[in-house]
Amino acid sequence: MKILVLGTGGREHALTIALARDPGVTALHAAPGNPGIGELATLHDVDPLDAEGVAALAAGLGVDLVVVGPEAPLVAGIADAVRARGVAVFGPSREAARLEGSKAFAKEVMAAAGVPTAGARVCTTPDEVAAALDAFGAPHVVKDDGLAAGKGVVVTNDRAEALAHAAGCERVVVEEFLDGPECSLFAVCDGTTARALQPAQDFKRIFDGGRGPNTGGMGSYTPLTWADPDLADLVLARVVQPTLDEMARRGTPFVGCLYVGLALTAAGPRVIEFNVRFGDPDVQPVLALLESPLGELLHAAATGRLDDVDPPRFTAGAAVSVVLASAGYPESSSRGDVISGVEAARETADVIHAGTALVDGALVTAGGRVLAVRAVGGDVTEARARAYAAADHISFAGQQRRSDIAAEPLGVVEGASLR
Ligand code: AMP
Ligand code: GLY
């Protein structure tokens, strides 16, 4: 099977590593990829947002499957353009991608499907916002309705700050505050059937202890030893399957990864958000433990045949990813700082590329999250120690990393609580 992976980040590198391990995968291509992906796949200088360019590339290469990594091309309809050429795509149609593209739409689908989530009101005027803030009380949660790369959400006790954030957005969703540890559940979906991957936890704030601004994610681990062992089954039954049924009923079946961001509250799991792609870095440790073939799974999902393949299987043990970010992240990022120590780190861990570039043969920073160092071990403590030991080899000017990724007590540090 020949596969084309679209995207340029750590998620796409981790997917490519897992696909390269699948004996059924004979050739890997990526557009545009990054220097890490380039070690495993042939890179093509095509922008994933260029629907016609991607469709022509997929058809020209004769690939059996296109795997779309990021949300922006999905929301823009890349899957529709590729499917129109008769090529299988792992990723939802433009209509189905609205589950991530519009928080108001996601809320509407969750309400129709009876999915447990925070109470919410969609607001377009300052008066509506003020009324909703008062109705739900503090802490206040205000979300920009559109795609905002993880930066559109403000959680605060300060009513004025909540109002100010709303004033800067065209349409916002004001929500009830959910209290409890967060986790990520990835469901591989074929339109009617879903298979869950092992749940993971993502560390979203820039600083230790869950302080500072939200980022795309500073580290992650799996398994969640502190969570209910039936969590994945529970979320499949209460969240994923009802959502798939509702999307199919609307004539817009969901094919791809439904990423369920959850708060595990005292009243049970509640959906914080849906995304329509794998999470990064949360999927990295999950893929490290995936034993069954990823290419086969994604191809089966893309062609409506999940019932025909074995469900995903995971090895025992644990995996941890620690992100190394560049100076200024998340407000800005720094480019062109020379990165050293990657080869030494790779002796004991995977070095997953995100914002890197090769300039005259030298590896340099080229984005906010630069690399992630991922290690496996018998348990989270061992995997964590290996990931940090390997990460210690890597240096570049202005490097930022958290020191408490997957630290004890697990499940407590990274909650949806207000700091
Ligand atoms: P989102 O972009 O919807 O994932 O929100 C980003 C982060 O804001 C989440 O990971 C949570 O930490 C926090 N958050 C979002 N919605 C809520 C909520 N209803 N209650 C508490 N925290 C929330
Ligand atoms: N790690 C959070 C995300 O991928 O959205």
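Attention in this report is confined to the structure presented alongside it.

Calculation notes
Residues numbered from 1 in each chain as written. Chains lettered and ligands numbered in written order. Predicted model: local features only at pLDDT ≥ 70, side-chain atom pairs only at ≥ 80, totals over all residues. Heavy atoms only, no water. Phe/Tyr/Trp six-rings, centres within 6.5 Å; stacked < 30°, edge-to-face > 60°. Helix = DSSP H or I, 4+ residues; strand = E, 2+ residues; numbered from the N terminus. Buried < 20%, exposed > 50% of the residue type's maximum accessible area, 1.4 Å probe, protein only. Near = heavy atom within 4 Å. Polar contact = N/O pair within 3.5 Å; in protein donor to acceptor, adjacent residues only side chain to side chain. Areas by Shrake-Rupley, 256 points an atom, 1.4 Å probe, with all protein chains shown as cover. Nonpolar A, V, L, I, M, F, W, Y, C, P; charged D, E, K, R; others polar. Pairing = 2+ DSSP bridges. Axes fitted to C-alpha atoms, helices over the stretch in contact; angles between N-to-C directions. Contact = heavy atoms within 4.5 Å.

## Examining the packing of aromatic side chains
- Tallying each qualifying case throughout the model produces 4 aromatic pairs.
- Here the aromatic rings of phenylalanine 90 and phenylalanine 278 are separated by 5.8 Å at their centres, their planes lie at 15°, and the arrangement is stacked. Of this pair, phenylalanine 90 sits in strand E5 (residues 88-90) while phenylalanine 278 sits in the loop between strand E17 (268-275) and helix H10 (283-289), placing them 188 residues apart in sequence. Take phenylalanine 90 and phenylalanine 278: they sit in the same class, and that class is buried.
- Aromatic ring contacts, followed pair by pair, group Phe90, Phe186, Tyr259 and Phe278 into a single cluster.

## Concerning the site of ligand 2
- By nearness alone, every residue bordering ligand 2 is listed as Asp202, Gly216, Tyr259, Asn275, Arg277, Gly279, Asp280 and Asp282.
- Residue aspartate 280 places a main-chain N or O atom 2.8 Å away from a nitrogen atom belonging to ligand 2.
- At 2.8 Å from a nitrogen atom of ligand 2 is found a side-chain nitrogen or oxygen belonging to aspartate 282.
- Protein chains bury 87% of the 200 Å² of accessible surface belonging to ligand 2 in isolation.
- Here the residues of the shell around ligand 2 sort into 1 nonpolar, 3 polar and 4 charged.

## Remarks on the site of ligand 1
- Inspection of the region around ligand 1 gives 16 residues, with Glu175, Glu176, Leu178, Glu182 and Glu273 positioned closest.
- The backbone of glutamate 176 places a nitrogen or oxygen atom 2.9 Å from a nitrogen atom of ligand 1.
- At a separation of 2.8 Å, a nitrogen atom of ligand 1 approaches a polar backbone atom of leucine 178.
- In isolation ligand 1 has 470 Å² of accessible area, and contact with the protein removes 95% of it.
- Among the elements of the structure, strand E7 (140-144), strand E8 (153-156) and E17 are those that each provide at least two residues to the shell around ligand 1.
- Here the shell around ligand 1 is built from residues that sort into 8 nonpolar, 1 polar and 7 charged.

## Considering the sheet that holds E17
- With antiparallel pairing, the 4 strands of this open sheet are ordered in space as E11-E10-E16-E17. Lying at the two open borders of the sheet, with one neighbouring strand each, are strand E11 (194-196) and E17. In this sheet, adjacent strand axes meet at a mean angle of 35° when their direction is disregarded.
- Two strands pair when backbone bridges link them, and strand E10 (residues 182-190) and strand E16 (residues 255-265) are joined in this way by 9 bridges, in the antiparallel orientation. Opposite alanine 187, over in E16, you have leucine 258 as the bridge partner.
- Along the sheet face, helix H11 (residues 294-302) touches E10 and E16 and points at about 65° away from the line of E10.

## Regarding H11
- Within H11, 8 of the 9 residues are buried, which leaves it mostly tucked inside the rest of the structure.
- Residues of H11 that are buried include every one of Leu294, Gly295, Leu297, Leu298, His299, Ala300, Ala301 and Ala302, and no others.

## Notes on unusual backbone geometry
- Omega for the peptide link from alanine 31 to proline 32 comes to -15°, which places this bond in the cis form.
- Mapped onto the secondary structure, proline 32 falls in strand E2 (residues 27-32).
- Residue proline 409 is reached from glutamate 408 by a cis peptide bond, and omega for that bond is -5°.
- With respect to the helices and strands, the residue proline 409 is situated in the segment after helix H13 (380-391).
- The phi angle at aspartate 360 is positive, at roughly 50°, despite the residue not being glycine.
- Topologically, aspartate 360 is positioned in the loop between strand E21 (356-359) and strand E22 (362-366).
- Although it is not a glycine, alanine 406 adopts a positive phi angle of roughly 60°.

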